[in-house]
Amino acid sequence: MALSVNIIVGSHVWVEDPVLAWIDGEVKRIDGQDVHVQTTKGKKVVTNISKVLPKDTEASPGGVDDMTKLSYLHEPGVLQNLAARYELNEIYTYTGNILIAINPFQRLPHLYDTHMMEQYKGAALGELSPHVFAIGDVAYRAMINEGKSNSILVSGESGAGKTETTKMLMRYLAYLGGRSGIEGRTVEQQVLESNPVLEAFGNAKTVRNNNSSRFGKFVEIQFDKSGRISGAAIRTYLLERSRVCQISDPERNYHCFYLLCAAPAEERDKYKLGNPESFHYLNQSKCYKLDGVSDSEEYLALRRAMDIVGINEEEQEAIFRVVAAVLHLGNIEFTKGKEIDSSIIKDEKSRFHLDTVAELLKCDPKSLEDALIKRVMVTPEEVITRTLDPEAALGSRDALAKIIYSRLFDWIVEKINTSIGQDSHSKAIIGVLDIYGFESFKHNRFEQFSINFTNEKLQQHFNQHVFKMEQEDYEKEQINWSYIEFVDNQDVLDLIEKKPGGIFALLDEACMFPKSTHETFAQKLYQTFAKNKRFIKPKLSRTNFTISHYAGEVTYMADLFLDKNKDYVVAEHQDLLTASKCSFVAGLFPPLPKESSKSSKFSSVGSQFKLQLHSLMETLNSTKPHYIRCVKPNNVLKPSIFENLNVIQQLRCGGVLEAIRISCAGYPTRRTFDEFLLRFGILSPEALEGNSDDKVACKMVLDKMGLMGYQLGKTKVFLRAGQMAELDARRAEVLGNAARTIQRQIRTYIARKEFILLRQAAIQLQSCWRAISACKLYEELRREAASLKIQKKFRCHFARKSYLTLLDSAILVQTGMRAMIARNQFRFRKHTKAAIQIQAQWRCHREYSYYRSLQKAAVITQCCWRQRVARKELRMLRMAARETGALKEAKDKLEKKVEELTWRLQFEKRLRTELEQTKAQEIAKFQEVLHSMQMQVEEANARAIKEREAAQKAIEEAPPVIKNTPVVVQDTAKIDALMAEVEILKASLQSEKVAAEESKKACADAETRNTDLANRLEEAEGKVYQLQDSIQRIEEKLSNSESENQVLRQQALTMSPTGKAIFARPRTIIFQRTPENGSILRGETKLSHEMAITIAYPKEPESEEKPQKNLNEKQQENQDLLIKCVSQDLGFSDGKPVAASVIYKCLLHWRSFEVERTSVFDSIIQTITSSIEVADNMDVLAYWLCNTSTLLMLLQHTIKASGAASLTPQRRRSSSASIFGRISQGLRSSPQSGGISFLNSRMLRLDDLRQVEAKYPALLFKQQLTAYLEKIYGMIRDNLKKEISPLLGLCIQAPRTSRTSLVKGRSQANAVAQQALMAHWQSIVKSLDNNLKTMKANHVPAFLVRNVFTQIFSFINVQLFNSLLLRRECCSFSNGEYVKSGLAELEQWCCYATDEYVGSAWDELKHIRQAVGFLVVHQKPKKTINEITNELCTVLSIQQIYRISTMYWDDKYGTRSVSPDIISSIRVMMTEESNNAVSTSFLLDDDSSIPFSVDDLSKSMQSVEVADVEPPPLIREHSGFVFLHQRSD
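Conventions and cut-offs
- Residues numbered from 1 in each chain as written.
- Predicted model: local features only at pLDDT ≥ 70, side-chain atom pairs only at ≥ 80, totals over all residues.
- Heavy atoms only, no water.
- Helix = DSSP H or I, 4+ residues; strand = E, 2+ residues; numbered from the N terminus.
- Buried < 20%, exposed > 50% of the residue type's maximum accessible area, 1.4 Å probe, protein only.
- Contact = heavy atoms within 4.5 Å.
- pLDDT = per-residue confidence, 0-100.
- Pairing = 2+ DSSP bridges.
- Salt bridge = Lys/Arg side-chain N within 4 Å of Asp/Glu carboxyl O.
- Expected span 1.5 Å × (residues − 1).
- Polar contact = N/O pair within 3.5 Å; in protein donor to acceptor, adjacent residues only side chain to side chain.
- Axes fitted to C-alpha atoms, helices over the stretch in contact; angles between N-to-C directions.
- Parallel < 35°, antiparallel > 145°, perpendicular 65-115°, else oblique.
- Left-handed = near helix turned anticlockwise from the far one by under 90°.
- Core = buried A, V, L, I, M, F, W, Y, C linked by side-chain atoms within 4.5 Å.
- Patch = residues over 30% accessible without salt bridge, like charges linked within 9 Å, V, L, I, M, F, W, Y side chains within 5 Å.
- Areas by Shrake-Rupley, 256 points an atom, 1.4 Å probe, with all protein chains shown as cover.
- Lys, Arg positive; Asp, Glu negative; His and termini not counted.
- Charge placed at Lys NZ, Arg CZ, Asp CG, Glu CD.

Q: Where do I start with the overall build of the protein chain in this structure?
A: The helix and strand inventory of the protein chain stands at 50 helices and 28 strands. For the protein chain, the residues scored as buried account for 46% of the 1529 residues in total. Nonlocal contacts in the protein chain, meaning residues at least 24 apart in sequence, comprise 73% of its contacts between residues at least 6 apart.

Q: I tried to follow the confidence of the model for the protein chain on my own but got confused; where do I start?
A: Predicted coordinates in areas of low pLDDT are best not read in detail. Considering every residue of the protein chain, the mean pLDDT works out to 80; 85% of them sit at 70 or more. Counted against residues more than four places away or in other chains, residues 595-600, with its pLDDT under 50, gives seven contacts. Within the model, the stretch residues 960-970 combines pLDDT values under 50 with two contacts to residues more than four positions away or in other chains.

Q: Just to check I follow, could you spell out the environment of Leu1386 for this structure?
A: For Leu1386, the location among the structural elements is in helix α44 (residues 1373-1398). For the pair formed by Leu1386 and Leu1328, sequence separation is 58 residues and the distance between their alpha carbons is 9.4 Å. Once you skip the residues sitting within four places of it in the chain, Leu1386 turns out to touch Trp1321, Ile1324, Val1325, Leu1328, Phe1353, Ile1356, Trp1402 and Leu1405.

Q: What is the right way to look at the sheet that holds strand β3 (residues 34-39) in this model?
A: Adjacent strands of a sheet pair through backbone hydrogen bonds, lying either parallel or antiparallel. The sheet built from five strands is open, its strands ordered β4-β3-β2-β1-β5 with antiparallel pairing. Two strands bound the open sheet, and with one partner strand each, they are β4 (44-48) and β5 (53-54).

Q: Help me understand the pattern of salt bridges in this model?
A: Considering all chains together, one arrives at 40 salt bridges under this definition. One salt bridge connects Asp703 with Lys699, and the closest N-O pair in it is separated by 3.7 Å. Note that Asp703 and Lys699 are positioned in helix α27 (residues 694-705) at a spacing of four residues, about one turn of the helix. Note on Asp703: relative accessible area 41%, which makes it partly exposed. Classification of Lys699 as partly exposed rests on a relative accessible area of 41%. In this structure, a network of salt bridges that share partners links the residues Arg214, Glu240, Arg243, Glu251 and Glu439.

Q: Teacher, can you tell me more about helix α10 (residues 313-330) here?
A: In an α-helix, one full turn covers 3.6 residues, which means residues spaced three or four apart are oriented alike. Between its first and last C-alpha, α10 extends 26 Å over 18 residues, near the 26 Å set by a 1.5 Å rise per residue. Most of α10 is tucked away, with 15 of its 18 residues classed as buried. Where α10 begins, the capping side chain belongs to Asn312, and its oxygen is found 3.2 Å from the backbone nitrogen of Glu314.

Q: Quick question: what am I supposed to make of the pairing of β3 here?
A: Along a regular strand, successive side chains alternate from one face of the sheet to the other. Where strand β2 (residues 21-31) and β3 come together, six bridges link them in antiparallel fashion. Counterpart to Asp31 in the pairing with β3 is Asp34. Connecting β2 to the next strand, β3, in antiparallel fashion are two residues, including Gly32 with a positive phi near 65°. Sheet topology places β3 next to β4; five bridges connect them, and they run antiparallel. Note that in β4 the partner of Gln38 across the bridge is Lys44. Between β3 and the antiparallel strand that follows it, β4, lie four residues; Gly42 among them carries a positive phi value of about 90°.

Q: Teacher, can you tell me more about the packing of helix α3 (residues 132-146) against helix α4 (residues 162-177) here?
A: At a minimum axis distance of 9 Å, the contact between α3 and α4 shows a crossing angle of 50°. Considered as vectors, α3 and α4 are oriented oblique to each other. The handedness of the crossing between α3 and α4 is right-handed. On α4, the residues that touch Val132, Phe133, Gly136, Asp137, Tyr140 and Arg141 of α3 are Thr165, Met168, Leu169, Tyr172, Leu173 and Leu176.

Q: Would you mind showing me how to read the nonpolar core here?
A: What tends to happen in soluble globular proteins is that the nonpolar side chains get buried as a cluster. Of all hydrophobic cores here, the largest spans 266 residues; its most connected members are Phe201, Phe257, Ile628, Trp1321, Leu1386 and Trp1389. For this core, the element with the most residues is helix α43 (residues 1342-1366), which contributes 16 residues. With residues near it in sequence (within four places) discarded, Trp1321 still touches Cys1291, Leu1360, Tyr1378, Val1379, Gly1382, Leu1383 and Leu1386. Counting residues in each nonpolar core, the second largest holds 51 residues, with Tyr237, Tyr436, Leu495 and Leu506 among its members.

Q: How do you make sense of the sheet that holds strand β11 (residues 216-223) when you look at a structure like this?
A: Taking strand neighbours across the sheet as the criterion, the seven strands line up as β6-β7-β21-β8-β17-β11-β12 in an open arrangement whose pairing is mixed. What marks the edges here is a single partner per strand, and that holds for β6 (92-95) and β12 (229-237). Ignoring strand direction, the axes of neighbouring strands in this sheet form an average angle of 20°. Relative to strand β7 (residues 98-102), β6 runs antiparallel, the two being bridged by four bridges. Each bridged residue has a counterpart across the sheet, and for Tyr94 the counterpart in β7 is Leu99.

Q: Would you mind going over a positive patch on the surface with me for this structure?
A: Positive charge collects at one region of the surface, where Arg868, Arg871, Lys872 and Arg875 lie side by side. Mapped onto the elements of the fold, Lys872 is located in helix α28 (residues 723-880). What makes Lys872 exposed here is its relative accessible area of 52%.

Q: Sorry if this is basic, but what is going on with the packing of α44 against helix α45 (residues 1406-1416) here?
A: Two quantities define a packed helix pair, namely the angle between the helix axes and the distance between the axes. At a minimum axis separation of 8 Å, α44 and α45 run at an interaxial angle of 140°. Between α44 and α45, the interaxial angle falls into the category oblique. α44 and α45 meet at a crossing whose hand is left-handed. On α45, the residues touching Phe1373, Gly1376, Glu1377, Val1379, Lys1380 and Leu1383 of α44 are Ile1408, Arg1409, Val1412, Leu1415 and Val1416.

Q: Can you help me understand the side chain of Arg671 in this one?
A: Along the chain, the position of Arg671 falls in strand β22 (residues 669-672). An unpaired buried charge is present at Arg671: no salt bridge exists, and Glu675, the closest side chain of opposite charge, is 4.4 Å distant. A polar atom in the side chain of Arg671 sits 2.6 Å from the backbone oxygen of Lys69. Side-chain polar atoms of Arg671 contact the side chain of Ser71, separated by 2.8 Å. In this structure Arg671 touches Thr68, Lys69, Leu70, Ser71, Phe676, Thr715, Lys716, Val717 and Met724, once residues within four positions along its chain are discounted.

Q: Even after reading the chapter, I still don't get helix α35 (residues 1138-1150), so can you show me in this structure?
A: With 13 residues, α35 extends 18 Å between its outermost C-alpha atoms, agreeing within 8% with the 18 Å of an ideal straight helix rising 1.5 Å per residue. The element α35 is largely enclosed, with a buried count of 13 among its 13 residues.

Q: For this particular structure, what's the right way to read the environment of Ala305?
A: Tracing the backbone through its elements, the reader meets Ala305 in helix α9 (residues 295-308). As a C-alpha pair, Ala305 and Ser194 span 111 residues in sequence and 7.1 Å in three-dimensional space. Residue contacts for Ala305: discarding those within four places in its chain leaves Glu193, Pro196 and Val197.

Q: For this particular structure, what's the right way to read unusual backbone geometry?
A: Backbone phi values are negative for most residues with the exception of glycine, while trans is the configuration of most peptide bonds. In this chain, Asp249 is followed by Pro250 through a cis amide linkage whose omega measures 10°. Position of Pro250 relative to the elements: it lies in the loop between β12 and α7 (255-261). Even without glycine at this site, Asn89 takes up a positive phi of about 65°. Relative to the helices and strands, Asn89 resides in the loop between α1 (75-87) and β6. Of the residues examined, Asn89 reaches a relative accessible area of 14% and is grouped as buried. Positive phi, close to 70°, is recorded for Thr1394, a residue that is not glycine. Position of Thr1394 relative to the elements: it lies in helix α44.

Below, the structure is given as C-alpha cells:
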C-alpha cells in the first residue's frame, strides 16, 4: 500500500497492536528499516517500516459513509471509520455497493419506521445515508426495470444481526410490494414466524455461539408482473447432518433433542425419554444446558410456533416421535455374533431402545434389527444375505439416524412453504440468503471444512461481483483498466473439489475402502498436495492439515473425516421405513424406482454437500447479487462496545478486506476533481489561478508532483496505492513551510509588542512618581480644608438641632388644633348628607308612586282599546268565514274551552295568591308571638338573676342577728314567687312551641297543596298554549281562504278579452310551484294550480294538466339555461363571483332548498366536475375554489335542517299566513301587474339572508359542495407541491454541483456560482408569487390562501429538513449558509405578500431555520447542552439534535461539531426517551389533511351582497330570470 519513502519523521501512522489490532501514533525516529513510533496511548513501538501504514489526519471525526472515499483504503482506516460511525450509532456503512451492518445491540426504531421507508423509496444508492432499505430498494428497482431476479446475500457470524437484517429487508420489500398474507399476516410475518421452528431443528450450540445456524437459508420473495408480492418460499441448503450422530465438547446437538427431553412429564413418558445424559447422541459433550435459557419454556414456545405455521397436533406428535426415535436409535449398541464378521444386539438395554424405536416409528422390531445388522446383495444368480460386524452395524445405525433427521427437516421446510404460499408463475424473485459464515476454531473438523468450503465458493462469487463493479466504475469514468489483475481463490476451490485429485474426491475414495483409516487418508493428502502452496502440513501432527483460505490459515483434524463423510441410503432402511404403519414416517420415505432400489449405491456427505452448493451457486448466478456483511462488535452482546480484533477477524471472514485488496489492485484512492483540488490545490497555486477546467487543473497538480500511473476519469482522479500518501507528504511539507513563515512573523510581532510594552511601562513609572509627589501636597491641603469643614458642620448641626426641636413642638400644637376643627366639620357634613338622602328618598318614592299609577291606567286603556279592535277584527273574520261553518263552530267551541280554561287558570292563580298571602300572614303572626314570648322569658330570667344577686349581696352584708330573720324569710318568699312565675312562663313557652310546630306542619301541608296546584296550573297553561296554536292555525287557513277568494274576485272583475295574453307571463312566474322547482304548502300548491287553470282556461275543464306540464317544461328550460350559463367563465362583479351569486339567487327563488326531489343540484355538481377535470390549470381551479367557497358560505347562512326552529312561532305563523294577503293587497293596489312585482320584490330581498328549512337534496348538495371545495383546495395545494418539489431537490443538491467554482477562488466564477445557486430559490419564490397572483385574480378568500401557503411552507420545511438529516454531504457549514440565504428569500417574499395572504406560514419553517442556524453558528464545541436545547434548537427533538450534531462537517473552515461530552449527554437523553416510549423518529411527516372546517370558512369570510351582482348576458333578457334584476335598497 503506502511506500516507505512516504513515511518521515513527524508522520502520523498506524502500527499493529496485539490488543487493539491497530493503534495510531507519530513517527519520532527512523533507523534504516526500523521506525520508532510514539503511540497515542503513551507506548513506544519499534517496528519495520513495511508494517507501518499512513494515517489520514484530516479524516472526518464522524467517518465517511462510503469507505471507497477514504484517503487510505487499508485495514486500520476501515477499522477507524467503522468505530467512529458506530460510536455515533451510525451502524450502516458502504464499501462501494456492499453494505456493512454492525449490530448495535439496542433498539433504534427511528431507523426503521414508515417515514424512513418513504425516504428511501426510489432513492439512488448513495444518495441518502447507508441503510439496509437502500439495498432492498436497489434490488427491487433492478428487478422492476430489468425484469431479472435479484438476490441479497446476508452473511456474518451468529449474533451479528443477520436475522434482524433479513427481517428489515423483507419488511421493506413487503412495503414496496404491498401484498398482505393470509389472515392479515404479511409475507414477512409468515416467514419470520417460521424462524423458531427452523432454529429448533437446524440450530445448535457451537464453540463461538449458543444459537448457530447449521444450515443455509435462502428466502425467496416472489413478485408478479406488476411488481406486487405474489408469494414466498424458504429454501434450505447444506444441513450439517453429521451433527446428529457426532458432536464435540463443549458443543451441543440440535436444540430439538434437548427441548423434547425437557418436555412435560407425560410427554416424556409417552416417548420413553429421560435426561439428555442418558442418550449417546447427546452425552458426547458435557454441555446440556444453555445459560439463561429454559428448555422447558422453549419447548412450549416451539409448540406454539408450530401451531402458527400450520403444523397440526397430529403432525406435531409424529414429528416428536421421529425425534425421540433418533435419540433411542443412538443408544442401540452391537456386539460380535457367533459367526465371523457378524453382530447382534449387545444387551437388554439396547434391545429396549430397539423396541422403542420400532414402536415410535411403527415398524416391526425384527425388521428393524435386520435392517441394522444385515445386508442383501442381489446377484444375477441368487440373492445373498450377509451380516455386518459391530463397527459396520454402528455405521448403519448412524446412517439411518442421519437420513431420518434429514428427511424430517426437509418435510418441515416444505410444510412451512406450503403455509406461506408459493407462486409458481411469478415473474421474478428477490432472494435473501442467510448462511453460516467462515469458521476457525481451536479444533476444526469436517463441519468447519464443509462450511469454509461454502464460504470459499461464496467469496469467489463475491470477488467476481466486486471486480465487476470495479470494471463498471472504470468504464463509467472511461479509464484504461485492462492491466489490472484479478484477485481469485480458484486454486483453493480446486484443492478442495477438483476431480479426481481434490480433497473431497480423495475422501470419497477412502470411504469406499473398508480398510481405510484417518491416518491413511491424511498420508494420502500429504502425498498428493505436497507442492500445493495452499496446502500446509503441520510439523507435529500426523493427521492434521492446514489450508490457506482467503480469511486466513485454518488447521483441520482429519480424525473423524471418514466417519462423518459416510452417508448413503441403504435399501433395507428404505424398505423398512416405507413399510411403516405411520403415514407420516412412510411419507418421509416414498418408494424408490425399481432400478435404484436393487442395490445400495455409495453416497457421501461431501458429494451431496457439493451438489447442494452447486445448486445454490446456480441460483445466485442466475440473479443479480447484492451484499450485506453483518458484524458483531463484541462478544458480550452489549451496546457501545467496539472490539477491534473481533471486528477485524469478521471483516476478514466476511471478505470485506478481500474486496479492499481487489480495490487496491487497481486504484484504491478516488477523488472527485473538486475534492482533489480542495485538498491538494495548494501544491500548485498556478493551476487554480488560470481559467482551465477542473480536469486540467488536477493534471497540472499531479504532473508538477511527478506522479506516474494515475488516471483521470470524467469526474474523478484515480490514484495508485501509495500516491495519496506521497501527495499528503508533499502537502504536509508545503503546510510546514507556510507554518514556519507564519511563526516567524508571529515571533517578530511578539518581540515588537514586548518592546512597546516595556517603553510604555517606563513612561508610566515616571508618571506614577510625579503623581505621588503631587498627592502628598494635595493631602496636606485637603486635611487643612477638612478641619475647617468639620468645625463648620458641627456648628451647623447644633443650631439645626435646636431649630428642629422648636419646629416639632409648633407642628404638634397645630396638628391638634387642625384635627379638632376637621372633626367638627366632618360631623356637620355627615348630618347634612343624611338629611339630603332622606329627602331624596321621600321625593323619589312619591314620584315613583305617581308614575306607577299613570302607567297602570295607560296599560288598562291600551288593553281596552286593543280588545275593542280585536273584537272588531274577529267580527270581520267571522263574517268572512260564514261559508266555512264547520271551522267556525270548531273555533267557537275552542274559544269557549279557552275561556273556560282561562277562567280556571285565573281562579287557580287567585287561590294560589290568597293561599300564599294567608300563609305569609300566619307565619308572620307566629313569628311575632314567638319573638314576644322569647323576649318575656329573657326579661324574667334577667330579673330573677338580678334579684338573686341582690339577695345574695344583702345576706352577705347583713350582721348575724335574730332580728333580721323576718327579712330573710320575706326575701325567700319573694324568690319563690319569682321562681314560680318563671315556671309558668316556661310552660307558656312550651305551649307556644307546640303551637309553632303545628303551624309549621300546617304550613308544610299548604305548601304541598300549593305545589300540586302549581303543577296542575302548568298543565292547564300547556293545554291553553296548544289550543291557542290550533286556533291561530285555523285563523291562518281562514285568512288564506279569504285572500284566495278576494284574488279570484279581483281577477274576474279585471278579466278582459285580452286577459289571456296579459296574464300569460305572470302565470309562469308566480305559480310555477312544481315538485321540480319547489312548492309552498300542499294546500297552497293545489290552490295555485286551480287558480292557474281558472285564469288561463275558464271554459276548458278537460285540459287541466296542460298548464302544469307547460310550467314543468318551462322550469326545466330555465334550469338548463342556468347550467349552460355557469359552465362558462362568468368572471367577477366587484370582487364577487357571478356564477355563485346567480346559482344562489336562482335556487332561492325557485325554492329548490325546500323540495323533496330535484335534479338541479346534480347538474351543478356535474358542471363543477367537468370544469376541474384538467387538474393542472391553476386559473380554473382558483376560479372554482372562489365560487364553491362563496356558494358554500351563502348556503351555510341560509339553509338549515328540517325541524330546526330558528324563528319564533308568532313570526312563522304571521309570515305563512300573509302570503295570499300580500297577493291580494298587491292586486288591489295595481289591478294588472303591480301585485306580481310586489311579490317578487318582497320574496327575493337578498340583502338580509333568511334561513330556510332545507330538505334532504339541499343538505346533500351542501355536503357535496363541501367535498368539492376540499378537493379543489387539495388539488391547488398538491399542484404547487409538485411544482416546487424538483426545485427543493436542486436546492439541497446545488452546493454539491456548484461548489467546484467556489473552491478555486476566482471572483468572477464565484459570483456566477452564487447566482446559479440562488436561481433555484428564486424559482421557488417565482412559483409561489405566480400562484398567489392567480388566486388574487380569482378573488380566492384570503383564509384559503393563507391555509394553502401555510401547508406549502410546512411541506418545504419537511422536505428540506429530512433531506438535511439524511444526507451527510448536505449537513455542512457552506450548505447551511446557502440554505439560510434561500430562506431569507422566502422571508422577503412573505413580507411582500403581507400577512393577509401568508399569515403564519413563515413560522412553519421553524425546524429547518433552527437546523440551519445550528449549522452556521460558530464555536460549536463551546456550546453547552442547555444552550443548544433551550436557545439554538428549541423546537428540535433530542433525536434530531443528535443526528445533526453527529452528521455536521465544516467544509469551509474545518471546525468541529459539538464536544464529545455533549454527544454523550444527548445519547443518554435519547436512551431515557426511548425507555419512556417516546417517539424516536428524527424525520418530520408532511400533513396533507384539510386544515379547516366549513364553520371556520364561514366565520372568516365577509358577507356577500349577491343582490347587487349583475346577471350575465346569456340570461339577462330571458323572461324566466326577471327576478335577477331585483337590487337591494
